[in-house]
Amino acid sequence: MNRALDIYSKGKVTRAELLKTVDPVVVYLPKMTCVGLNLKPGTMGGDTTMCFDRAGKFLGYYVNGD
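Quick caveat: nothing in here was measured; it's all calculated off a predicted structure. (Residues numbered from 1 in each chain as written. Predicted model: local features only at pLDDT ≥ 70, side-chain atom pairs only at ≥ 80, totals over all residues. Heavy atoms only, no water.)

K.L.:
Give a description of the packing of aromatic side chains that names residues and reports values.
P.N.:
Using the criterion set out here, one finds one aromatic pair in the structure. With a centroid separation of 5.6 Å and 55 degrees between ring planes, the pair formed by F52 and F58 is classed as tilted. Its relative accessible area of 8% is what places F52 among the buried residues. (Phe/Tyr/Trp six-rings, centres within 6.5 Å; stacked < 30°, edge-to-face > 60°. Buried < 20%, exposed > 50% of the residue type's maximum accessible area, 1.4 Å probe, protein only.)

K.L.:
Explain the nonpolar core residue by residue, including any values.
P.N.:
Core analysis: the largest hydrophobic core is formed by nine residues, namely A4, L5, L18, V22, V35, L37, L39, M50 and F52. Contributing elements (two or more residues each) for this core: α1 (2–9), β2 (32–39) and β3 (46–53). Among the elements that make up this core, the one with the highest residue count is β2 (three residues). When neighbours within four sequence positions are excluded, V22 is seen to be in contact with L5, Y8, L37, N38, L39 and K40. (Core = buried A, V, L, I, M, F, W, Y, C linked by side-chain atoms within 4.5 Å. Helix = DSSP H or I, 4+ residues; strand = E, 2+ residues; numbered from the N terminus. Contact = heavy atoms within 4.5 Å.)

K.L.:
Provide a residue-level description of unusual backbone geometry, including the pertinent values.
P.N.:
For K10, which is not glycine, the phi dihedral falls at a positive 55 degrees. Structurally, K10 can be placed in the loop between α1 and α2 (15–18). You can call K10 exposed: its relative accessible area is 66%.

K.L.:
Can you tell me about the pairing of β2, naming the residues and giving the values?
P.N.:
The sheet contact formed by strand β1 (residues 22–28) and β2 spans seven bridges and is antiparallel. Residue pairing for β2: V25 is matched across the bridge by G36. Taken together, β1 and the strand that follows it, β2, pair antiparallel across an intervening segment of three residues. Direction of pairing for β2 relative to β3: antiparallel, over a ladder of six bridges. Residue pairing for β3: G36 is matched across the bridge by T49. With antiparallel pairing between neighbouring strands as the criterion, β2 and β3 make up a hairpin whose turn holds six residues, including G42 at a positive phi of roughly 90 degrees. (Pairing = 2+ DSSP bridges.)

K.L.:
Explain the environment of D53 residue by residue, including any values.
P.N.:
Tracing the sequence through the fold places D53 in strand β3. Between the C-alpha atom of D53 and that of L29, which follows or precedes it by 24 residues, the distance is 9.5 Å. When sequence neighbours within four positions are dropped, the list of residues in contact with D53 reads K31, M32 and L59. Among the polar contacts made by the side chain of D53, one reaches the main-chain amide nitrogen of A55 at a distance of 3.0 Å. Among the polar contacts made by the side chain of D53, one reaches the main-chain amide nitrogen of K57 at a distance of 2.8 Å. (Polar contact = N/O pair within 3.5 Å; in protein donor to acceptor, adjacent residues only side chain to side chain.)

And the structure:
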């Protein structure tokens, strides 16, 4: 989850600041782990999902919404 937060913030805000606006959800799949960064109510933008393989390599992301 920390790696997803770091990628999402691009070094512009701390993890603690980021957690004020997103609720992370981790889903473990057979061949990958995905982290959903769901925006808290009242936060502008779209929810982001990032996936990593078993070794922790970043596979990609998807943004749902603006």
